[in-house]
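In case you want the letters, here they are:
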Amino acid sequence: SAVISQKPSRDICQRGTSLTIQCQVDSQVTMMFWYRQQPGQSLTLIATANQGSEATYESGFVIDKFPISRPNLTFSTLTVSNMSPEDSSIYLCSAAGNEQFFGPGTRLTVL
Amino acid sequence: KQEVTQIPAALSVPEGENLVLNCSFTDSAIYNLQWFRQDPGKGLTSLLLIQSSQREQTSGRLNASLDKSSGRSTLYIAASQPGDSATYLCAVSRGSNYKLTFGKGTLLTVNP
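All of these numbers come straight from a predicted model, not from anything done at the bench. (Residues numbered from 1 in each chain as written. Chains lettered and ligands numbered in written order. Predicted model: local features only at pLDDT ≥ 70, side-chain atom pairs only at ≥ 80, totals over all residues. Heavy atoms only, no water.)

Counting across every chain of the model gives 5 salt bridges over all chains. A salt bridge links A:Glu58 to B:Arg94, with the nearest nitrogen and oxygen atoms 3.3 Å apart. Residue A:Glu58 is located in the loop between β6 (56–57) and β7 (68–72), and its partner B:Arg94 is located in the loop between β9 (86–93) and β10 (100–102); the two belong to separate chains. Note that B:Arg37 and B:Asp39 form a salt bridge whose closest N and O atoms lie 3.0 Å from each other. Within the structure, one salt-bridge network assembled from shared partners comprises A:Glu58, B:Arg94 and B:Lys99. (Salt bridge = Lys/Arg side-chain N within 4 Å of Asp/Glu carboxyl O. Helix = DSSP H or I, 4+ residues; strand = E, 2+ residues; numbered from the N terminus.)

Here you go:
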């Protein structure tokens with residue numbers, strides 16, 4: 001199994017600002033993903049973080065709003081840009097081989 | 001488009017009871033199915049992974065079954081304990097790219 005850490009664990013941000021979330025995996029993994037969990041909802045896939053290239057975004061998510069980097073096989077960042085209160089969610093990083101493992105999440109509140 | 005449904009949305013049981021959580025999916029062409037546990041305000045903990053070619057997996061007091069042709073999975077929890085209280089999420093993989101589609105979860109409360 002993979003152990004995944006995320007920073008920050010939570011943050012409160014002002015409307016119009018940006019926040020970058022970091023995800024670190026303790027071993028090299030094939031795939032890394034970013035998910036969003038809005039209040040009272042289940043998880044929705046934002047994008048696949050591709051090592052050394054642009055992320056692959058799911059329908060409804062765009063690079064300008066959620067730029068993602070993955071410089072190596074164990075680290076990725078997600079930026080939530082120009083935030084609005086609708087972006088208040090838990091953002092989770094995951095790593096997948098055959099089984100998928102999740103980080104503890106970043107709880108974001110936008111005022 | 002794959003849709004995953006979990007029933008019931010919430011369940012409250014006395015300690016010691018055996019219980020079953022249900023998950024159904026609309027597209028049977030799945031790669032695998034995974035059950036997760038989520039504690040309030042926390043991330044997800046993987047409980048069981050069932051490959052599409054398998055019928056069931058067991059871990060301790062947990063047993064998960066998969067009937068791919070009918071698009072159903074069940075998570076059986078034996079001798080429930082208060083520490084089992086959490087939200088249980090079912091997720092199916094769309095293919096070998098490992099992308100997961102989640103259900104909305106079942107909120108389980110086990111009362112002492």
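Once you've had a look at it, read on.
Turning our eyes to something else, we now look at the packing of aromatic side chains. The final tally for this structure, using the stated rule, is 9 aromatic pairs over all chains. Taken together, a centroid distance of 5.7 Å and an interplanar angle of 85° make the contact between A:Tyr35 and B:Phe102 edge-to-face. In this pair, A:Tyr35 sits in strand β4 (residues 31–37) while B:Phe102 sits in strand β10, so the two residues belong to two different chains. Of the two residues, A:Tyr35 and B:Phe102, both sit in the buried class. Pairing A:Phe102 with B:Phe36 gives two aromatic rings, centres 5.3 Å apart and planes at 90°, and the pair type is edge-to-face. With A:Phe102 in strand β10 (residues 100–102) and B:Phe36 in strand β4 (residues 32–38), this residue pair bridges two chains. Across this residue pair, the class does not change: A:Phe102 and B:Phe36 are buried. Cluster of aromatic residues (ring-pair linked, three or more members): A:Phe33, A:Tyr35, A:Phe102, B:Phe36 and B:Phe102. (Phe/Tyr/Trp six-rings, centres within 6.5 Å; stacked < 30°, edge-to-face > 60°. Buried < 20%, exposed > 50% of the residue type's maximum accessible area, 1.4 Å probe, protein only.)

Another point: the nonpolar core. Residues A:Trp34, A:Ile46, A:Phe66, A:Ile68, A:Leu78, A:Tyr91 and A:Leu108 are the most contacted members of the largest nonpolar core, which totals 27 residues. Elements with a minimum of two residues in this core: β3 (19–25), β4, β5 (43–49), β8 (75–80), β9 (89–96) and β11 (106–110) of chain A. Top contributing element to this core by residue count: β3(A), with 4 residues. In contact with A:Ile68, not counting residues within four places along its chain, are A:Trp34, A:Ala47, A:Ala49, A:Ala55, A:Tyr57, A:Ser76, A:Thr77 and A:Leu78. By size, the runner-up hydrophobic cluster in this structure holds 23 residues, among which are B:Ile30, B:Leu33, B:Leu62 and B:Leu66. (Core = buried A, V, L, I, M, F, W, Y, C linked by side-chain atoms within 4.5 Å. Contact = heavy atoms within 4.5 Å.)

The next thing to look at is the pairing of β9(A). Residue and element names in this part refer to chain A. The buried count for β9 comes to 8 of 8 residues, which makes it a mostly enclosed element. In β9, alternate side chains face the same way, and those of Ser-89, Tyr-91, Cys-93 and Ala-95 on one face and Ile-90, Leu-92, Ser-94 and Ala-96 on the other are all buried. Bridge count for β9 against β11 is 3 bridges, and the pairing is antiparallel. The residue of β11 that forms the bridge with Ile-90 is Arg-107. When β9 meets β10, the two strands line up antiparallel, connected through 3 bridges. Paired with Ala-95 across the strands is Phe-101, a residue of β10. Where β9 folds back on β10, the antiparallel hairpin that results is connected by 3 residues. (Pairing = 2+ DSSP bridges.)

Residues and elements named next belong to chain B. Relative to the elements of secondary structure, Gln-2 occurs in the segment before β1 (4–7). In terms of polar contacts, Gln-2 uses its side chain to reach the backbone amide nitrogen of Thr-26, at 3.0 Å. A distance of 2.9 Å separates a polar side-chain atom of Gln-2 from the backbone nitrogen of Asp-27. Setting aside chain neighbours within four positions, we find Gln-2 in contact with Phe-25, Thr-26, Asp-27, Ile-30, Val-92 and Thr-101. (Polar contact = N/O pair within 3.5 Å; in protein donor to acceptor, adjacent residues only side chain to side chain.)

Function cannot be inferred from these measures alone, as they are strictly geometric.
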